[in-house]
Amino acid sequence: MLNEAHHSEVEKVLLYISEARERAERARVALTRDGAERHLVAALEESEERLRQDHRRLLQATFYAVPDQERLAV
């Protein structure tokens, strides 16, 4: 079971992932506006999506996870 300090650490990581995704989005928008090479924009798009998926995965694996019933029985 997660205690308050554990929750805090997970929340920090979730925040860092969110901030990185937002930064990638801003960079993609700026590069698109400036007519950057397509492979640069595509790399940022892919990074945005992977960061979004990582955020969702971590959230589901921590705050929405079902505890292992075998461990609880011990």
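Only a predicted model underlies this, so the values are computations on that prediction, with no experimental measurement involved.

Caption draft 1: Molecular detail of the pattern of salt bridges. Applying the stated criterion to the full structure yields 7 salt bridges. Of the charged contacts, one joins arginine 28 and glutamate 48 as a salt bridge, the two residues approaching to 2.3 Å between their closest N and O atoms. Remark: glutamate 48 occurs in helix H2 (residues 38-62) and arginine 28 occurs in helix H1 (residues 4-33); sequence separation between them is 20 residues. According to the relative accessible area criterion, arginine 28 is buried, its value standing at 19%. A residue is classified by how much of its surface remains accessible, and glutamate 48, at 5% relative accessible area, is buried.

Caption draft 2: Just H1, in detail. With 30 residues, H1 should cover 44 Å at 1.5 Å per step; its first-to-last C-alpha distance of 43 Å lies within 8% of that length. For H1, the full list of buried residues reads Val10, Leu14, Ile17, Arg21, Ala24, Ala27, Arg28 and Ala30. Contact partners of the buried residues in H1: H2. Directly beyond the C-terminal end of H1, a positive phi value near 75° is found at glycine 35.

What counts and how
Residues numbered from 1 in each chain as written. Predicted model: local features only at pLDDT ≥ 70, side-chain atom pairs only at ≥ 80, totals over all residues. Heavy atoms only, no water. Salt bridge = Lys/Arg side-chain N within 4 Å of Asp/Glu carboxyl O. Helix = DSSP H or I, 4+ residues; strand = E, 2+ residues; numbered from the N terminus. Buried < 20%, exposed > 50% of the residue type's maximum accessible area, 1.4 Å probe, protein only. Expected span 1.5 Å × (residues − 1). Contact = heavy atoms within 4.5 Å.

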